[in-house]
Amino acid sequence: MKAIGFKTSLPIDESESFIMFETPVPEPKGRDLLVKIKAISVNPVDFKIRQNSAKDTALETPKIIGWDAVGTVEAVGEDVTFFKAGDEVYYAGDLTRSGSNAEYQLIDERITGLKPSTLTYAETAAMPLTALTAWESLYDRIRIAEPKDKGKSILIIGGAGGVGSIAIQLARKISGLKVIATASRPETKDWCKAMGADVVVDHKNLVEEVHAAGLKEVDFILDLVDLNNYWDTLVELIKPQGHIVSITGSATPVALNKLKNKSVTFSWELMYTRSMYQTDDMEQQHHILNALAKLLDDGTLKTTLNQTLKGFSVENLKEAHRLLESGKTIGKVVIEY
């Protein structure tokens, strides 16, 4: 099969930042599915790993990255019970295994869902990683539930990105929250409103903008941009006994002591935790993806696809990485095979 990978971490404009190569089609065993890929999408994790995983070294075998994918099950391992050959599936992959930038991929059935039947391959490929991240942030970390949380407020920092686009929809349409999303450009503000945000504020003057929108504080905050730069602002804006979730990580210690007087809860969210550590509830991602597929099929949620590149090629993968590295993408970028 054809695959695209890299042997060393290079700037995306370098000729060998990605290379096409041939490698054997893998054989599924255990709970693995062999999927023939139809489309993939690119996320910030892709370019971060490309930039950092092979610094100052040359790998013997090219590293295949990429996680979001949609395709058809070609064969199954002996322990598979959820799927059969011919099923159309979608998934966000596993950081510890070979990625989706290839014609075929092995994926554990416990982190795989049935493709939404009404969406195209491109529309579907845009969804899994960001939708799982948003879902886990809201329902596994904050544990938002009706009726106790209906009508409460959530501030989503980075509303026009991939995770923000689906988090707005889940918070507003499924949980009945008042959604305040951040965006600074006219086109990103329009996108957030189209996703269902009640209020869109500029992140550059966040406290003043939230206050001007009629809220002194918010019940929940979802940080999708930069925890360090926003920390003091989040501390000021979160309500007593509120909950902050961040997906961004921090290179320096987080001053959690600033949350003490308000008895605020803080959580990290990493969608890959379940697959990385083979947690007892790893199968939950299978169920989440199936639930999301139903919500996409009945029109409750809509795809966050915003740009499609046609053809599995080095050039298209480089272009997708360039777009994401610019920091100006809206929604999701997908490569359709």
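Since this is a predicted model, take the numbers as computed values, not measurements.

A. Helix H5 (residues 186-195), seen in detail. Taken together, the buried positions of H5 are occupied by Thr188, Trp191, Cys192 and Met195. One face of H5 carries all of its buried residues, which in axial projection span an arc of 100°. Along H5, exposed side chains directed more than 90 degrees from the buried face belong to Pro186 and Lys193. Elements that come into contact with the buried residues of H5 comprise helix H4 (162-174), strand E9 (178-182), strand E10 (199-201) and strand E14 (305-310). Remark: Gly196 follows H5 within two positions and exhibits a positive phi of approximately 120°.

B. Inspection of the pattern of salt bridges at higher detail. Evaluated as defined, the whole model comprises 23 salt bridges. With a closest N to O distance of 2.7 Å, Asp13 and Arg322 form a salt bridge. Placement of Asp13 in the loop between strand E1 (2-5) and strand E2 (19-22) and of Arg322 in helix H10 (residues 314-325) is noted, with a sequence separation of 309 residues between them. Given a relative accessible area of 33%, Arg322 falls into the partly exposed group.

C. Representation of the sheet that holds strand E13 (residues 265-268). Across the sheet, six strands lie side by side as E10-E9-E8-E11-E12-E13; this open sheet has parallel pairing. The strands lining the two open edges of the sheet, one partner per strand, are E10 and E13. Across this sheet, the average inter-strand angle for adjacent strands is 20°, counted without regard to direction. With four bridges joining them, strand E8 (residues 153-157) and strand E11 (residues 218-223) adopt parallel strand pairing. By the bridge assignment, Ile156 is partnered in E11 with Leu222. Lying over the sheet, helix H7 (residues 227-237) contacts E8, E11, strand E12 (238-246) and E13, oriented at roughly 160° with respect to E12.

D. Focus on the environment of Asp298. Examined against the element boundaries, Asp298 turns out to sit in the loop between helix H9 (284-297) and E14. A sequence separation of 180 residues divides Asp298 from Thr118, and the C-alpha atoms of the two residues are 8.7 Å apart.

E. Region of the structure containing a nonpolar patch on the surface. Side chains of Leu270, Met276 and Tyr277 sit close together on the surface and give an oily, nonpolar patch of about 320 Å² of accessible area. Within the element layout of this structure, Tyr277 appears in the loop between helix H8 (273-276) and H9. A residue is classified by how much of its surface remains accessible, and Tyr277, at 61% relative accessible area, is exposed.

F. Summary view of the nonpolar core. Ranked by internal contacts, the top residues of the largest apolar core, which has 84 residues, are Ile154 and Leu170. If one sorts the elements of this core by residue count, helix H3 (residues 128-141) sits on top with seven residues. Contact partners of Leu170, with chain neighbours within four places excluded, come to Ala131, Ala134, Trp135, Leu138, Tyr139, Ser175, Leu292 and Leu301. Counting 22 residues, the second largest nonpolar core, distinct from the first, contains Leu215, Ile221, Val235 and Ile238.

G. Representation of unusual backbone geometry within the structure. Residue Pro147 is reached from Glu146 by a cis peptide bond, and omega for that bond is 0°. With respect to the element layout, Pro147 can be found in the loop between H3 and E8. A positive phi angle, near 55°, is found at Asp56, a position not held by glycine. Looking at the element boundaries, Asp56 is found in the loop between helix H1 (44-52) and strand E4 (69-76). Judged by relative accessible area, Asp56 falls into the exposed class, the value being 83%. A positive phi angle is found at Ser263, which is not glycine, with a value near 50°.

H. Highlighting the packing of aromatic side chains. With the rule as written, the count across this model stands at seven aromatic pairs. Arranged with centres 6.4 Å apart and planes meeting at 80°, the rings of Phe82 and Phe83 form a pair that is edge-to-face. Residues Phe312 and Tyr337 carry aromatic rings whose centres are separated by 4.5 Å and whose planes lie at 25° to one another, so their mutual orientation is stacked. You can see Phe312 sitting in the loop between E14 and H10 and its partner Tyr337 sitting in the segment after strand E15 (332-336), a full 25 residues away along the chain. Under the relative-accessibility criterion, Phe312 is labelled buried at 16%. Each residue in the set Trp231, Phe266 and Trp268 is aromatic and connected to the rest through ring pairs, giving one cluster.

I. Molecular detail of H9. For H9, with 14 residues, the first-to-last C-alpha span of 20 Å sits near the 20 Å given by 1.5 Å per residue. Every buried residue of H9 is accounted for by Gln285, His286, Ile288, Leu289, Asn290, Leu292, Ala293, Leu295 and Leu296. Contact partners of the buried residues in H9: strand E5 (88-91), strand E7 (112-114), H3, H4 and H8. Gly299 sits one or two positions beyond H9 and adopts a positive phi of about 85°.

Reading the values: rules and limits
- Residues numbered from 1 in each chain as written.
- Predicted model: local features only at pLDDT ≥ 70, side-chain atom pairs only at ≥ 80, totals over all residues.
- Heavy atoms only, no water.
- Buried < 20%, exposed > 50% of the residue type's maximum accessible area, 1.4 Å probe, protein only.
- Helix = DSSP H or I, 4+ residues; strand = E, 2+ residues; numbered from the N terminus.
- Arc of directions from axis to C-beta.
- Contact = heavy atoms within 4.5 Å.
- Salt bridge = Lys/Arg side-chain N within 4 Å of Asp/Glu carboxyl O.
- Pairing = 2+ DSSP bridges.
- Axes fitted to C-alpha atoms, helices over the stretch in contact; angles between N-to-C directions.
- Patch = residues over 30% accessible without salt bridge, like charges linked within 9 Å, V, L, I, M, F, W, Y side chains within 5 Å.
- Areas by Shrake-Rupley, 256 points an atom, 1.4 Å probe, with all protein chains shown as cover.
- Core = buried A, V, L, I, M, F, W, Y, C linked by side-chain atoms within 4.5 Å.
- Phe/Tyr/Trp six-rings, centres within 6.5 Å; stacked < 30°, edge-to-face > 60°.
- Expected span 1.5 Å × (residues − 1).

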